[in-house]
Amino acid sequence: MTLRPRPAVAALALLVLTGCASAPRPTEFEAIAERAARYALEMEGKPYRYGGSSPRQGFDCSGLVHYSYARAGVNIARTTDALYRSSRRIPTAHLRPGDLLFFNQEGKRASHVGIYLGGKRFVHAPSGGKRVTVGSLSQPYWRQHLESARRLVLN
């Protein structure tokens, strides 16, 4: 006599095996970084303001990053230079939402920062007179001025 598995048992076995092969759940930090990216995107259209770090007063580039991570529940550095120092370089091929992009503008290394959103897009607070906006690494200007892609190091 040959035993054949019942269809329900076979389906359950397939479900269990497929579950093991599913994508891993994001780590706690990845979830925080993704939330920070979403919060930053919600600020699109807010005015640029040097030293600004709130929707009410406006944002400079590092103020937007600081505010977005604070809303996601993490206190991080406030200045572009300190953000650069508290992060580690990663290949652009490994970018995830919430990672930081540093740009070399006016000959100054890492003088501008934005938050990666995915799909080569990032949100940032550009210079005075402008508003928080979404940029693209596909645009020649941003590609040419990209200094490094970095991931925050949280203790």
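Before reading on, note that the structure itself is shown above.
Analysis parameters
- Residues numbered from 1 in each chain as written.
- Predicted model: local features only at pLDDT ≥ 70, side-chain atom pairs only at ≥ 80, totals over all residues.
- Heavy atoms only, no water.
- Helix = DSSP H or I, 4+ residues; strand = E, 2+ residues; numbered from the N terminus.
- Buried < 20%, exposed > 50% of the residue type's maximum accessible area, 1.4 Å probe, protein only.
- Contact = heavy atoms within 4.5 Å.
- Areas by Shrake-Rupley, 256 points an atom, 1.4 Å probe, with all protein chains shown as cover.
- Pairing = 2+ DSSP bridges.
- Phe/Tyr/Trp six-rings, centres within 6.5 Å; stacked < 30°, edge-to-face > 60°.
- Lys NZ or Arg CZ within 6 Å of the ring centre and 35° of its normal.

Caption draft 1: Here's a closer look at the overall build of the chain. The helix and strand tally for the chain stands at five helices and eight strands. Ordered by position from N to C terminus, the α and β elements of the chain give α-α-β-β-α-α-β-β-β-β-β-α-β. Taken across its 155 residues, the chain has 41% of its residues classed as buried. A separation of at least 24 residues holds for 54% of the contacts in the chain among residues at least 6 apart in sequence. By element, 53% of the accessible surface of the chain is carried by carbon and sulfur atoms, the whole surface being about 9500 Å².

Caption draft 2: Local environment of unusual backbone geometry. Although it is not a glycine, A110 adopts a positive phi angle of roughly 50°. Mapped onto the elements, A110 comes out in strand β5 (residues 108-118). The phi dihedral of K120 falls on the positive side, at around 65°, and the residue is not glycine. Secondary-structure assignment places K120 in the loop between β5 and β6 (121-124).

Caption draft 3: Geometry of the pairing of β5. Of all eleven residues making up β5, eight are buried, and the element is well covered by its neighbours. Sheet topology note: the strand β4 (residues 100-105)/β5 ladder contains five bridges and is antiparallel. Directly across from Q105, in β5, lies its bridge partner K108. Between β4 and β5, which pair antiparallel and follow one another directly, the connecting turn spans two residues, one of which, E106, has a positive phi of 55°. With three bridges joining them, β5 and β6 adopt antiparallel strand pairing. Counted as the bridge partner of G118 is R121 from β6.

Caption draft 4: Representation of the environment of I76. Summarising the element assignment, I76 is placed in the loop between α3 (61-71) and α4 (80-85). Along the primary structure I76 and H66 are separated by ten residues, whereas in three dimensions their C-alpha atoms are 6.1 Å apart.

Caption draft 5: Fine view of the packing of aromatic side chains. In this structure the tally under the stated criterion is six aromatic pairs. Here the aromatic rings of F122 and W142 are separated by 5.3 Å at their centres, their planes lie at 80°, and the arrangement is edge-to-face. Taken together, the residues span a long stretch of sequence, with F122 in strand β6 and W142 in helix α5 (residues 140-145) at a distance of 20 residues. Overall, F122 belongs to the buried group, its relative accessible area being 0%. Through a chain of ring-to-ring contacts, the aromatic side chains of F103, F122, Y141 and W142 assemble into a single cluster. The ring of Y84 carries the charged tip of R150 above its face, separated from the ring centre by 4.0 Å.

In short, geometric facts, not functional conclusions.
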